[in-house]
Number of protein chains: 4
Amino acid sequence: AFSGNYLVTRNIKARYSKLQSFISSILVISILLAASTRIFQSEAWSILWIADNVKFLLIPILFIFILEYLLRLWTAPDSCPDLPENNAEFEQYIRTHHYRLFYGISFLGLIDLLVILSGLFTLISGNSSAWEGYLIVFALLKLSRYIHGIEIIAAVLKKERQILSATFITLAILIVILSTILYLVERNVQPEVFNSIPSALWWGIVTMTTTGYGDIIPMTSIGRVIGGVAMLVGIGTLAIPAGILASGFAYELKHREQLNNWHIISNLELFAGLDANCIKDITHYLKAEVLPAGATVFKKHSAPDAIYFIADGEVEIQIFPKPPTPIRLRSGDVFGEAGLLENRKRNASIKTTQNSRFLVLDLHDFHTLISKHVDLKNKIESINNLRKSSSPDSN
Amino acid sequence: AFSGNYLVTRNIKARYSKLQSFISSILVISILLAASTRIFQSEAWSILWIADNVKFLLIPILFIFILEYLLRLWTAPDSCPDLPENNAEFEQYIRTHHYRLFYGISFLGLIDLLVILSGLFTLISGNSSAWEGYLIVFALLKLSRYIHGIEIIAAVLKKERQILSATFITLAILIVILSTILYLVERNVQPEVFNSIPSALWWGIVTMTTTGYGDIIPMTSIGRVIGGVAMLVGIGTLAIPAGILASGFAYELKHREQLNNWHIISNLELFAGLDANCIKDITHYLKAEVLPAGATVFKKHSAPDAIYFIADGEVEIQIFPKPPTPIRLRSGDVFGEAGLLENRKRNASIKTTQNSRFLVLDLHDFHTLISKHVDLKNKIESINNLRKSSSPDSN
Amino acid sequence: AFSGNYLVTRNIKARYSKLQSFISSILVISILLAASTRIFQSEAWSILWIADNVKFLLIPILFIFILEYLLRLWTAPDSCPDLPENNAEFEQYIRTHHYRLFYGISFLGLIDLLVILSGLFTLISGNSSAWEGYLIVFALLKLSRYIHGIEIIAAVLKKERQILSATFITLAILIVILSTILYLVERNVQPEVFNSIPSALWWGIVTMTTTGYGDIIPMTSIGRVIGGVAMLVGIGTLAIPAGILASGFAYELKHREQLNNWHIISNLELFAGLDANCIKDITHYLKAEVLPAGATVFKKHSAPDAIYFIADGEVEIQIFPKPPTPIRLRSGDVFGEAGLLENRKRNASIKTTQNSRFLVLDLHDFHTLISKHVDLKNKIESINNLRKSSSPDSN
Amino acid sequence: AFSGNYLVTRNIKARYSKLQSFISSILVISILLAASTRIFQSEAWSILWIADNVKFLLIPILFIFILEYLLRLWTAPDSCPDLPENNAEFEQYIRTHHYRLFYGISFLGLIDLLVILSGLFTLISGNSSAWEGYLIVFALLKLSRYIHGIEIIAAVLKKERQILSATFITLAILIVILSTILYLVERNVQPEVFNSIPSALWWGIVTMTTTGYGDIIPMTSIGRVIGGVAMLVGIGTLAIPAGILASGFAYELKHREQLNNWHIISNLELFAGLDANCIKDITHYLKAEVLPAGATVFKKHSAPDAIYFIADGEVEIQIFPKPPTPIRLRSGDVFGEAGLLENRKRNASIKTTQNSRFLVLDLHDFHTLISKHVDLKNKIESINNLRKSSSPDSN
């Protein structure tokens, strides 16, 4: 009974996510097939057999995309963040809030439609080299729904968008001004290359992003000095986004760590059903603790002094004789609560197997919390009674 | 009455900023037109009609710029940071402090003048390809007044200027030394390419900024080794600015967050008119709290235990039946103060709609503050009386 | 008796690590010889003598690699993280846990084998230009075992792998889409260069990583605009990894500092043999303190108010007459404990010779700890008695 | 009497640093002249007059460098960090510690010598194009003594040298392996370009640093895929140094801020002569406070509640009638101490003119400190008596 209910919840989630990941896989494969057949079709080194039969591949992919589009349109209202309680209200709510329209005119909704139209064009016209048929490559943007971690990048970019866009506008201004100066300097020496400011602008962006194709190069001494300044100014300006993103990610990381702690606590069997107020109080009393791999968190027969929540890392419960698969607890698990609840000595040693970070709730603070929150006290007593009556298996 | 006065202030600001943003738009459009007609005029793919009539566009733009310049010159004294109280003092102050001259010889003041002179030159001389006429492109620098977020970048660059310039000087020294070595190595093999150290310097800056045009390339083995070293040293050195800016932005971000908290508190109706000392005390008692989207901050009928200031994010007040437009509070708003002032249970639940950060002032700390600051106590009592007499509408 | 036992442990470690570093050196030299003879053998400017006799060099290197491989295979079970206590259990454990197989199919295990097979192929076939013989260059990957600091990089990369891979997948999607658009724009103008989407993809990756070889360049105006967008999007996207890594390293650095503090405390003579619980308590009472170079930590004859642990930096014990080699304490050393234990005034001044960071345990907190932990009290009394009986040499 | 003694110290420092900066200027100019005459001498666009008379410039520069070298050699012992008290000890100390030899064989010592020898070679041999004469360009490395901020960069690089070198070693290994693979792939298609692994290595370093000269480019499809991987791996690897440096600079910045606070406190008249112990206690009681520009720190006639140290920013003392040059206090200054010492109301308002950071010592903590440290109490009373007897001018 380390975290029984919690494990059950996990199992349900795992089973549900199996279906979800199966559907996701089909969609991801369809997207990759749709894009890659188009990309490699136009090439000499594409296998002829596929080139001839590409339409037979396109038909099932298009069928999947159309089905997906219709389902997304149909279920759009379910994705509204705050559903009303009863059904009558819900129906009225949908009528007044145009979620299906919102999906239809959203960026990804338009991309979904564009991909279908592009595929249909190829099938109907039979023209495999028209530009309309190539738009199916935009299907790759549909992948953004399945890339884990992209929402963190999006959150940071959104938060820092003002400074980031200020940087790029500044860069654009600097490109125009430095290119104009270079144009004035070089137009007499290389009139055919620097024939207009837009040509110089092309030099400017190629140079200030340090791409340096080498198709337009300053030849005069003063032009080379301006070129050198342009490179350094470009690098200096483009170091700013990296700097902004670094501090943005650090902030987001800290933020998410706090939210993660909140989730760990609020998802535990021990604290389930308590209101946010009480959980906030608990999180205030928690202390972070970092231990290296191989450290003993507590020894068997020691006095129960704290409850431990694993924020990061892994511990092993030391039982003799050693079981073939060691009992290990990971991020999100709790241990050491039984000793506190039953007021008895530890019945097993706990050892870290990795560098780990714990959230620790001291015995003293635990009692302060119980005396403050009656709900918490009742909950714990009922859990304890339940445990005493069931198997007395662990710490 | 969530934050009545505060909303009034906001409205005034919004109306004032409408006029401001209208004038800004005209100036920004003028700048963009002035620069872009000049840039694309010289090009073959420019539309002929514009090329012929560009002067008719230039006249109104120049008129706007001259008007702007004169107004800026006229109103320069108003931008002084600390205006004296009475008018007599003010006039004497202006006479002794040469704010108009300061604007005239400031960087942007000189650019404003240069742009006007360049435009007048084109109009008067009628020569559209003289270099003097191209200086109107510098009008883009005038845009720096309208780029939001550029002042943060400027503040960080100013703060870290010493280390940043040390990096660029170090890079310059390394370029000269590595280029000289390469010159000595390659001058016998490619005498026409590496004909002098300045040519090698051009190679050095093109290589160490990783631009790599490919016009000058080492051919000998030892020259290629020096080239490889130059690339790695260049990248290593240019990683330093990104590192410095990252820590600089992190510091600036933290700094601005603290200032932001101070502004949130000091702009509230509740604490308006209190002296800095008292507000400083309040900020000392505040605790930061982060909650995920969809969390309940407090429930209806729960005991009032704290005042919440929204530093970041959004909450929704849960009212039944649900209104068509939900009542939402955003960054800078306050909630939960009515319960504390009237000493009654919460009359609505509050739920976050985004990941949010709050500044929380506990009941206990609130009473400590009231007992310490008599001004605050009187203020709160008067607000409370006012509220009791008016509509008893919310939490 | 500054930290007698600690120094003994250090000496043992130093001697053991001498043998280890000797074996490491042999292996590192073998690896470098194996790779470099192969790299330079194929070249005109390779010395002929080595080219002829390279096999005589290859035979001993291969012998070393084979021996290393067999020893690694043999000792694989010793590297298991949690060895059972008694031998019978150990043998059964090895049988049930296939550590040797795990090594065999691990990445470095396969590389070890590949390098041996590649070397044997060259020796047996006598063909020095077959591609199989070139695989010996992979021996360089074996160096990863000997690069200090690489485990920190690996830990950060592992922790941030989700966001990092999201960035690179996003970049890949953007490359494909921008390249397809450029292909559609340029295929009519430069049909021989942009002959297929894969050619455009090559342009895309060369441009968005700002490599810019210059072999494929957009010629049309609209193509150049797309090229400029590609460069900026590429730089913007590739600034994200730098940002993520910066915050990842900052977190890892802080984490390792905490672990380092834990190690400093738990490795000290004074606190040796205490359980993790007690050491955790000690670390909770520690305060960090930073002093500049040349500052006096405490003066002779001052009252003993704290124990100092050096986390970073160096101090010098001021003794007169000055000894030829000054007595200096470094990171990991402790000072000021004798005064507290014997309850007498400081018998020497302590001065910093570098900017230093200390962990300070105050007199008051020290006594709180002693009253809480009987083990600690007994330990300290026994150390004190021991010291009093031995030489009364220092602070 | 805001900080009388402190200002005196500043003046002395300023006068001393005037001489120092004069000598520095001469040396910097000499270095720049020595390097630039050599760099531009070899060029066609160098002015002929200088080229002929360059020796007359070289003779005084060499004289300065030789004088500098001899003086540095002579004064080397003075730069030892811990000078003994009496002269006899000092002389013996110099004899046993070979500071002059240490300077002679130090990096900058050798550079100083090399530059002199190179200059002498040119003068004596009269050969202005021999490579020995070009070594005078290394004089630029002597500039490293005069670049402010370079010691911070050096400190960060030294601290993070392990991870940084691990990154560059990893990059080197990846370059060798990817180049070898590309060599095997391309050697049959472009045998004259990829004629050996070293040629492929040149491609590898030019590609993985994203320099991209374009002299060696993969032509095969599989070669282009490897090329793309090389670019992304290169960028990914070279993002690590930026990340490491970012966290390194953040740590160093924080560290230096703490040291800066220590210096601010320990340099003040108020706390001068107190021992480190007492100053450490003071720094423990300080609270950081950030205020925006234009905020009132305290008002005239308010009760004295704290002493303020300016860590960053600027405040103005509000006096009526306004003086022509406002009285402003900057980083390192203290205010508000007079009210506490004399136990009277504030006699002026204080307003910030910039965003500022203060270190605040509360009235309560101030009295705790006085009761704990008798030295501090005596000192303050004597200052107060002194002030009462002199002009009663300010807050």
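Cut-off values and rules
Each chain has its residues counted from 1, following the order in which its sequence is written. Throughout, the order in which chains and ligands are written sets their labels, letters from A for the former and numbers from 1 for the latter. Local features in this predicted model are restricted to residues of pLDDT 70 or higher, and side-chain atom pairs are both shown and tallied only at a pLDDT of 80 or more, whereas totals for entire chains, interfaces and linings draw on every residue. Side-chain figures throughout are based on the complete set of non-hydrogen atoms in the structure, without hydrogens or water. Helix and strand assignments come from DSSP, with helices taken as H or I runs of at least 4 residues and strands as E runs of at least 2, each series counted from the N terminus. Burial status follows relative accessibility: with a 1.4 Å probe on protein chains alone, a residue under 20% of its type maximum counts as buried, one over 50% as exposed, and anything between as partly exposed. Here, residues are in contact when the closest pair of their heavy atoms is within 4.5 Å. Note that accessible areas follow from Shrake-Rupley with a 1.4 Å probe, and for residues the cover is restricted to the protein chains shown. Buried area: the accessible surface (1.4 Å probe) lost by two parts on joining, summed over both. Salt bridges, as used here, are contacts in which a Lys or Arg side-chain nitrogen is within 4 Å of a carboxyl oxygen on Asp or Glu. Just so you know the grouping, Ala, Val, Leu, Ile, Met, Phe, Trp, Tyr, Cys and Pro go in nonpolar, Asp, Glu, Lys and Arg go in charged, and all remaining residues, Gly too, go in polar. Only residues with pLDDT of at least 70 in both copies contribute their C-alpha atoms to the least-squares superposition of the copies. For two strands to pair, DSSP has to find at least two bridges joining them. A fitted line through C-alpha atoms serves as each axis, taken over the contacting stretch for helices, and the angle formed by two N-to-C directions is quoted from 0 to 180°. For this analysis, a polar contact is any N or O atom pair within 3.5 Å, provided that within protein one partner can donate a hydrogen and the other can accept it, and provided that sequence-adjacent residues contribute only side-chain to side-chain pairs. Geometry of aromatic contacts follows a simple scheme: Phe, Tyr and Trp rings, the Trp one being its six-membered ring, pair when their centres are within 6.5 Å, and the pair is stacked under 30 degrees between planes, edge-to-face over 60, tilted otherwise.

Caption draft 1: How the structure looks around the overall build of chain A. In terms of regular secondary structure, chain A is built from 14 helices and eight strands. The buried share of chain A, taken over its 395 residues, is 49%. Of the contacts formed within chain A by residues at least 6 apart in sequence, a portion of 75% connects residues at least 24 apart. On chain A, roughly 18,700 Å² of surface is accessible, and the fraction owed to carbon and sulfur atoms is 64%.

Caption draft 2: The interface of chain B and chain A, seen in detail. With 62 residues of chain B at the contact, the number on the chain A side is 61 residues. Between chain B and chain A the total buried area reaches about 5,000 Å² when both faces are included, carbon and sulfur atoms providing 69% of it. The tally of links from chain B across to chain A stands at zero salt bridges. The greatest single-element share of the side of chain B that touches chain A, amounting to nine residues, is contributed by helix α10 (residues 221-266) of chain B. Its residues placed into classes, the side of chain B that touches chain A shows 38 nonpolar, 11 polar and 13 charged.

Caption draft 3: Representation of the relation of the copies chain D and chain B. In screw terms, the move from chain D to chain B is a rotation of 90 degrees and a rise of 0.0 Å along the axis, fitting with an RMSD of 0.1 Å. Accordingly, the operation relating the two chain copies is best matched by a four-fold axis. Interface residue correspondence from chain D to chain B reaches only 11%, placing this contact among heterologous pairings that use different surfaces.

Caption draft 4: Region of the structure containing the sheet that holds strand β4 (residues 314-318) of chain B. Residue and element names in this part refer to chain B. Taken in spatial order, the four strands line up as β2-β7-β4-β5 in an open sheet, and their pairing is antiparallel. Bordering the open sheet on either side are β2 (296-298) and β5 (328-330), each of which pairs with just one other strand. Each neighbouring strand pair of the sheet contributes to a mean axis angle of 30 degrees, computed without reference to strand direction. With three bridges connecting them, β4 and β5 associate as antiparallel partners. Residue pairing for β5: Glu 316 is matched across the bridge by Arg 328.

Caption draft 5: Local environment of the interface of chain D and chain B. Contacts between the two partners involve 62 residues from chain D and, on the opposite side, 62 residues from chain B. Buried surface at the junction of chain D and chain B, both sides included, amounts to about 5,000 Å², of which 69% is carbon and sulfur. One can count two residue pairs in polar contact (both at pLDDT 80 or more) joining chain D with chain B. A total of nine residues in the side of chain D that touches chain B trace back to one element, the largest contributor, which is helix α10 (residues 221-266) of chain D. Looking at the side of chain D that touches chain B, its residues break down into 38 nonpolar, 11 polar and 13 charged.

Caption draft 6: A look at the relation of the copies chain B and chain A. Rotating chain B by 90 degrees and translating it 0.0 Å along the rotation axis places it on chain A, where the RMSD comes to 0.1 Å. A share of only 11% of interface residues in chain B that are also interface residues in chain A marks the association as one of differing surfaces.

Caption draft 7: Expanded view of the packing of aromatic side chains. Under the definition given, this model contains 32 aromatic pairs over all chains. Between Tyr183(B) and Tyr134(D) the ring centres are 5.5 Å apart and the planes differ by 65 degrees, which places this aromatic pair in the edge-to-face class. Here Tyr183(B) is found in helix α8 (residues 161-186), whereas its partner Tyr134(D) is found in helix α6 (residues 131-134) on a different chain. For the pair Tyr183(B) and Tyr134(D), a shared accessibility class is recorded, and that class is buried. Where Tyr308(C) meets Phe358(C), the ring centres are 6.1 Å apart and the plane angle is 85 degrees; that geometry is what we call edge-to-face. Taken together, the residues span a long stretch of sequence, with Tyr308(C) in strand β3 (residues 306-312) and Phe358(C) in strand β8 (residues 356-362) at a distance of 50 residues.

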